[in-house]
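Single-letter residue listing:
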Amino acid sequence: MTDAQQKLSATQVSEAGLEDWRQIFDRIKARFRTGDFATGLALVNKIGAAAEAANHHPDIQLTYSDVIVTLSSHDVRGITSRDLDLARQISSHAAELAIDSDTTGLTQLELGLDTAIGPQLAPFYAALLGGKVEDGEPVDPSGQVPTVWWQAPNGDETWALPQQPFEQRWHFDVWVAPDEAERRLQAILDAGGRLVSDRAAPAYWVVEDAEGNRSCICTPAGR
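Keep in mind that this is a model prediction, so the values were computed, not measured. (Residues numbered from 1 in each chain as written. Predicted model: local features only at pLDDT ≥ 70, side-chain atom pairs only at ≥ 80, totals over all residues. Heavy atoms only, no water.)

J.: With reference to specific residues and values, describe the sheet that holds strand E12 (residues 204-208).
T.: An order of E10-E13-E12-E11 is seen for the four strands of this open sheet, with the pairing classed as mixed. In this open sheet, the two edge strands, each paired with only one partner strand, are strand E10 (172-175) and strand E11 (194-197). With direction set aside, neighbouring strand axes in the sheet form an average angle of 35 degrees. Two elements, E11 and E12, share three bridges in a ladder whose sense is antiparallel. Following the sheet pairing, Ser-197 is matched in E12 by Val-206. The strands touched by helix H4 (residues 118-129) within the sheet are E10, E12 and strand E13 (214-218), with E10 carrying the most contacts at an inclination of about 45 degrees. In the packing of helix H5 (residues 181-190) onto the sheet, contacts are made with E10, E11, E12 and E13, and the angle to E12 comes to roughly 10 degrees. (Pairing = 2+ DSSP bridges. Helix = DSSP H or I, 4+ residues; strand = E, 2+ residues; numbered from the N terminus. Axes fitted to C-alpha atoms, helices over the stretch in contact; angles between N-to-C directions. Contact = heavy atoms within 4.5 Å.)

Right, here's the structure in full:
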């Protein structure tokens, strides 16, 4: 394994001196306050050129007022020197365009399900979210939805969740286009899920996994 493939510790990332960037889970993120779409696009074009030259490509979110950049090395499921090097180049390009960075509020949402049978449920959630199973977890390669991971009971007490006096009640509303809904439903059924109700279809279908955790496939139709 070369130095560029070595996964860095959180301390190593922190000591790299990347003022515009923060480590969020297994990636580093930066927000650049571009102020308008044209300026943001100019920065994205510079980032694209740098990424192509390095053969290392970030995830980029471009909105009217901001550019948010996320870097990680997928081959090691973490951060390497490749990410640090490209982060420095991106910060340099932002400085050339007189674009300020803002690290406040940088966030990454991950969905943790308390279950002892996570790998068994993974195909259901991959089908529900339109992704695939990687290392026992459902992953969306397009980056549209968060990763779902498993919090196993009776595991390491260091990481165990505190007991609750009530049953937590929340569910996924997964929005798709009307012409995608029945394909998504069939994929869920093929993955071992169960249709609970189609009474409100095509507005939504209620489905559940093998443990009875429910989610909804939602569309704009019929509302």
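J.: Requested: an account of the side chain of Asp-209, with residues and values cited.
T.: Tracing the backbone shows Asp-209 in the loop between E12 and E13. From its side chain, Asp-209 meets the backbone nitrogen of Asn-213 in a polar contact 3.0 Å long. Setting aside chain neighbours within four positions, we find Asp-209 in contact with Leu-113, Leu-121, Phe-124 and Tyr-125. (Polar contact = N/O pair within 3.5 Å; in protein donor to acceptor, adjacent residues only side chain to side chain.)

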